[in-house]
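Fold and geometry: a report
Chain by chain, the residues run as shown.
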Amino acid sequence: SLTKFGTAFLNRVEGSQCSAPLLDHVTLIDTPGVLSGAKQREGRAYDFVKVCEWYAERSDMILLLFDAHKLDISDEFRDTIMALK
């Protein structure tokens, strides 16, 4: 069902398996960092916020990490937070 985000997204998805008992019950997904500036976001060629929303609908827990030394968050990060709520 991720094909709806297009080949630009699918070409960037990578997977890895590790033999560890904990991972029999847990799946970890790390997304690329959110970008600031429209020019950088347009270079993604897929809707980052919609992809995060898709994963969130299937998740039990979401951790959002940000740089505490920056005074503001980017528009994309704000949009992502709003989509997840």
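First things first, this report covers the structure right here in the doc. For clarity, every value in this text was computed on a predicted model and none was experimentally measured.

Counted according to the given criterion, the structure contains 4 salt bridges. Linking E53 and K50 is a salt bridge whose minimum nitrogen-to-oxygen distance equals 3.7 Å. Here K50 and E53 lie together in helix α3 (residues 48–57), a separation of 3 residues that amounts to about one turn. The class of K50 is partly exposed, set by a relative accessible area of 44%. A salt bridge links R78 to D79, with the shortest nitrogen-to-oxygen separation between them at 2.9 Å. The class for R78 is partly exposed, based on a relative accessible area of 41%. Connected via shared salt-bridge partners are D75, R78 and D79.

Residues L2, F5, F9, Y46, F48, V51, C52, W54 and Y55 constitute the largest nonpolar core, which totals 9 residues. With 5 residues, the top contributor of residues to this core is α3. Once you skip the residues sitting within four places of it in the chain, Y46 turns out to touch F5, A8, F9, R12, P32 and V51.

In this section: a nonpolar patch on the surface. A grouping of L22, L23, V26 and L28 is seen on the molecular surface, where their side chains present a nonpolar patch of about 380 Å² in accessible area. Judged by relative accessible area, L23 falls into the partly exposed class, the value being 32%.

Per the counting criterion, the structure on display carries 3 aromatic pairs. Measuring from ring centre to ring centre gives 5.8 Å for F5 and F9, while their planes differ by 75°; the resulting arrangement is edge-to-face. Summarising the aromatic geometry, the rings of W54 and Y55 are spaced 5.0 Å apart at their centres and angled 90° between planes, so their arrangement reads as edge-to-face. Each member of the pair W54 and Y55 is classed as buried. Three or more aromatic residues joined by ring pairs make a cluster, and in this case those are F5, F9 and Y46.

Reading the values: the criteria
Residues numbered from 1 in each chain as written. Predicted model: local features only at pLDDT ≥ 70, side-chain atom pairs only at ≥ 80, totals over all residues. Heavy atoms only, no water. Salt bridge = Lys/Arg side-chain N within 4 Å of Asp/Glu carboxyl O. Helix = DSSP H or I, 4+ residues; strand = E, 2+ residues; numbered from the N terminus. Buried < 20%, exposed > 50% of the residue type's maximum accessible area, 1.4 Å probe, protein only. Core = buried A, V, L, I, M, F, W, Y, C linked by side-chain atoms within 4.5 Å. Contact = heavy atoms within 4.5 Å. Patch = residues over 30% accessible without salt bridge, like charges linked within 9 Å, V, L, I, M, F, W, Y side chains within 5 Å. Areas by Shrake-Rupley, 256 points an atom, 1.4 Å probe, with all protein chains shown as cover. Phe/Tyr/Trp six-rings, centres within 6.5 Å; stacked < 30°, edge-to-face > 60°.

By themselves, these figures tell us nothing about what the structure is for.
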